[in-house]
Amino acid sequence: MTSDICVIIPAYNASSTINDVVRGALKYVSKVTVADDGSTDNTAIVASKAGAEIIVIEKNKGKGNALKLLFQKAIKEGYHAVIAMDADGQHDPEDIPQFVTAHTMYPNDIIVGSRMHEKEKMPRDRYNSLCIARFYVSLVANQFLEDTQCGFRLYLLSIIKKLRLMTERYVTETELLMKAGDMGVNIRFVKIKTIYSENGSHIRPIADVTKITAYIISYIHIEWLIEGVTSNKQNIYSAKGYLRDLIEKNKKVHILFQILTVFTALPASFFYLIEYTILPPLIPNNFASIRKLNCGFLKIAIATQMLPVVLIVAIIEKVLKAAGLQINIVDKFIEKFFPNLWKDKKR
């Protein structure tokens, strides 16, 4: 049992599952803290009886806020690292030793659980959306990230202290990976069990996915805007005065900026392609993170143009499926246009 790592669990209406999660985690760590995020059931009572320490949040404010409070508490208590888990039973506590082992091997890295090796256990639409998300999040983080949306993770608190987390709800986990990677932190993965519980997820398929997508696009705009006019700079993020964070401070400006970047994403990719192509004589090795891949910016620009095509094809597939015809064209589109650009490259 490790004493310098604790388990943190954001929880919302998880009274039916939290007992097993807490008791399972306590087999491997000495401390589990649960943030009860405005639950209307007995989540806090059940978690406490199972052996967890409880942070009570009176009103539901989302996973991002709960994680920030849990990070702050673990830092205050002097822990070296935390393992974040979900409360709904989709993360098996029996996988905790894998994170501890990986941390021992790579003590300076963030460790994330990956479910991508069990494609057959995941809803097809979910798997495909994860493949597209990881293509762009990996570009921001300057490394291939197998599973960008799994919340089962080991975070070094020394890294957390260097990040300025500005977003809320489910966007925060994506923000965290992007900023850490963009700061130069290595992110490694361990294979975990793929579990889709009967209780389901609290993520809102339209609202939360839209917010995550908008944040990724807006962040990439800033990153490539800076990389396009600077030499040999592939790690852009800094907690002090980072442009994306300054925009986030003003809610109205933030919303307008995200709308603007989403609606200009397609033409903007060609603008960056032009910068990538014609500026090197004036700005040597601009877009350093992309040049390091040796894939060229054209491949990324084409992938971006294909996004609406993939959406249209997915809609057509659903219509045909309703009519009794089963086709899987989207899978091939994603495999072709959103590949692992880091394949065969060493860290």
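Each remark here, short or long, concerns the structure printed above.
Residues numbered from 1 in each chain as written. Predicted model: local features only at pLDDT ≥ 70, side-chain atom pairs only at ≥ 80, totals over all residues. Heavy atoms only, no water.

Visitor: Account for the overall build of the chain, naming residues and giving values.
Guide: A count of helical and extended segments in the chain gives 14 helices and 7 strands. The globule rule puts the C-alpha radius of gyration for 347 residues at 20 Å, and the 21 Å found for the chain is close to it. Considered along the principal axes of its C-alpha atoms, the chain spans approximately 65 × 55 × 45 Å. Taken over 347 residues, the chain has a buried fraction of 53%. The long-range fraction of contacts in the chain, counting pairs at least 24 apart against all pairs at least 6 apart in sequence, stands at 75%. Taken as a whole, the chain presents about 16,400 Å² of accessible surface, with 59% of it coming from carbon and sulfur. For the chain, the centre of its 44 positive side-chain charges and the centre of its 34 negative side-chain charges are spaced 5 Å apart. (Helix = DSSP H or I, 4+ residues; strand = E, 2+ residues; numbered from the N terminus. Rg over C-alpha atoms; globule rule 2.2 N^0.38 Å. Buried < 20%, exposed > 50% of the residue type's maximum accessible area, 1.4 Å probe, protein only. Contact = heavy atoms within 4.5 Å. Areas by Shrake-Rupley, 256 points an atom, 1.4 Å probe, with all protein chains shown as cover. Lys, Arg positive; Asp, Glu negative; His and termini not counted. Charge placed at Lys NZ, Arg CZ, Asp CG, Glu CD.)

Visitor: If you had to explain the pattern of salt bridges to someone new, which residues and values would you point to?
Guide: Under the counting rule described, the total for this entry stands at 15 salt bridges. Salt-bridge contacts for Glu77 lead to Lys31; the nearest nitrogen and oxygen are separated by 2.9 Å. Taken together, the residues Glu77 in the loop between helix H3 (63-76) and strand S4 (81-84) and Lys31 in the loop between helix H1 (18-25) and strand S2 (32-37) connect sequence positions 46 residues apart. In this structure, the salt-bridge partner of Arg244 is Glu248, at a minimum N-O distance of 3.1 Å. (Salt bridge = Lys/Arg side-chain N within 4 Å of Asp/Glu carboxyl O.)

Visitor: Which residues make up the pairing of strand S3 (residues 53-57), and what values go with them?
Guide: Here S2 pairs with S3 via 5 bridges, running parallel. Paired with Thr33 across the bridge in S3 is Glu53. Handedness of the β-α-β unit built from S2, helix H2 (residues 43-50) and S3 comes out right-handed. (Pairing = 2+ DSSP bridges. Right-handed = clockwise from strand over helix to strand, strands pointing away.)

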